[in-house]
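Structural description and commentary
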Amino acid sequence: MSRQFRSIVIIGKGAIGKAFISELSSQHPEARIHVLSRQFKKDHTNQSNITEYRLNDYSDESLKVVADMVTKEGGIDCVLVATGLLHSNDIQPDRKSTR
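The present account deals with the structure reproduced in this document. These figures come from a predicted structure and were not determined experimentally.

As for the layout of surface pockets
By volume, the largest pocket is sized at about 280 Å³. If you go around the largest pocket, you meet 16 residues; those closest to its centre are Lys13, Gly14, Ala82, Thr83 and Gly84. When residues of the lining of the largest pocket are assigned to their parent elements, the largest contribution, 3 residues, is made by helix α1 (residues 15-27). Among the residues making up the lining of the largest pocket, the classes are represented as 7 nonpolar, 7 polar and 2 charged.

Some remarks on the pattern of salt bridges
Overall, the coordinates contain 3 salt bridges when judged by the stated rule. Its salt-bridge partner being Asp77, residue Arg6 comes within 3.1 Å of it at the nearest N-O pair. Taken together, the positions of Arg6 in the segment before β1 (7-11) and Asp77 in the loop between α2 (60-72) and β4 (78-81) put the pair 71 residues apart, joining distant regions of the chain. A relative accessible area of 52% means that Arg6 is categorised as exposed. What makes Asp77 partly exposed here is its relative accessible area of 21%. Between Lys13 and Glu52 there is a salt bridge, with the nearest N and O atoms lying 2.7 Å from each other. In this pair, Lys13 is assigned in the loop between β1 and α1 and Glu52 in strand β3 (residues 50-54), connecting sequence segments 39 residues apart. No difference in accessibility class separates Lys13 from Glu52, as the two residues are buried.

Notes on the environment of Cys78
For Cys78, the position within the fold is in strand β4. Judged by its relative accessible area of 18%, Cys78 falls in the buried class. Sequence separation between Cys78 and Val9 is 69 residues; the distance between their C-alpha atoms is 6.2 Å.

Quick word on the nonpolar core
In this structure, Phe5, Ile8, Ile10, Ile21, Leu24, Ala31, Ile33, Val35, Ile50, Cys78 and Leu80 together form the largest nonpolar core, which totals 11 residues. Broken down by secondary-structure element, the contributors of at least two residues to this core are β1, α1, β2 (32-37) and β4. The next biggest cluster of nonpolar side chains, apart from the first, holds 7 residues, and it includes Tyr53, Leu55, Val66 and Val70.

A few points about the environment of Ile21
Relative to the helices and strands, Ile21 resides in helix α1. With relative accessibility at 0%, the residue Ile21 sits in the buried group. The spatial distance from the C-alpha of Ile21 to the C-alpha of Ile8 is 9.5 Å, given a sequence separation of 13 residues.

Considering the pairing of β4
Here β4 shows a buried face lined by Cys78 and Leu80 and an unburied face lined by Val79 and Val81. Pairing between β1 and β4: 4 bridges, direction parallel. Residue pairing for β4: Ile10 is matched across the bridge by Leu80.

The rules we used
Residues numbered from 1 in each chain as written. Predicted model: local features only at pLDDT ≥ 70, side-chain atom pairs only at ≥ 80, totals over all residues. Heavy atoms only, no water. 1 Å grid on protein atoms, 1.4 Å probe; cavity = no way out; pocket = protein on both sides within 12 Å on 5 of 7 lines; lining within 4 Å. Points joined across faces, edges and corners; volume = space filled by probe spheres on them. Helix = DSSP H or I, 4+ residues; strand = E, 2+ residues; numbered from the N terminus. Nonpolar A, V, L, I, M, F, W, Y, C, P; charged D, E, K, R; others polar. Salt bridge = Lys/Arg side-chain N within 4 Å of Asp/Glu carboxyl O. Buried < 20%, exposed > 50% of the residue type's maximum accessible area, 1.4 Å probe, protein only. Core = buried A, V, L, I, M, F, W, Y, C linked by side-chain atoms within 4.5 Å. Pairing = 2+ DSSP bridges.

So this is what it looks like as structure tokens:
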């Protein structure tokens with residue numbers, strides 16, 4: 001039996017964040033998905049269960065404003081943080097082979 005979510009918050013909208021948004025919105029169409037991002041681009045306009053919030057930064061104060069709004073709507077069941085740097089020209093993920 002899968003868990004029923006009412007409200008999911010996803011912080012970050014890079015490749016990993018977008019994958020979470022897509023997967024969770026299709027698996028949990030009953031859930032309200034709140035996406036917090038520093039970039040505002042409606043990537044999921046055809047999905048009525050997604051609300052996007054543009055933040056100037058991910059400071060505690062900025063996150064608290066949105067968290068307060070979301071909690072007034074009935075609370076938060078799940079928070080996923082998908083921010084950070086996976087790789088750049090100088091930084092690569094650690095890939096070890098155990099053969």
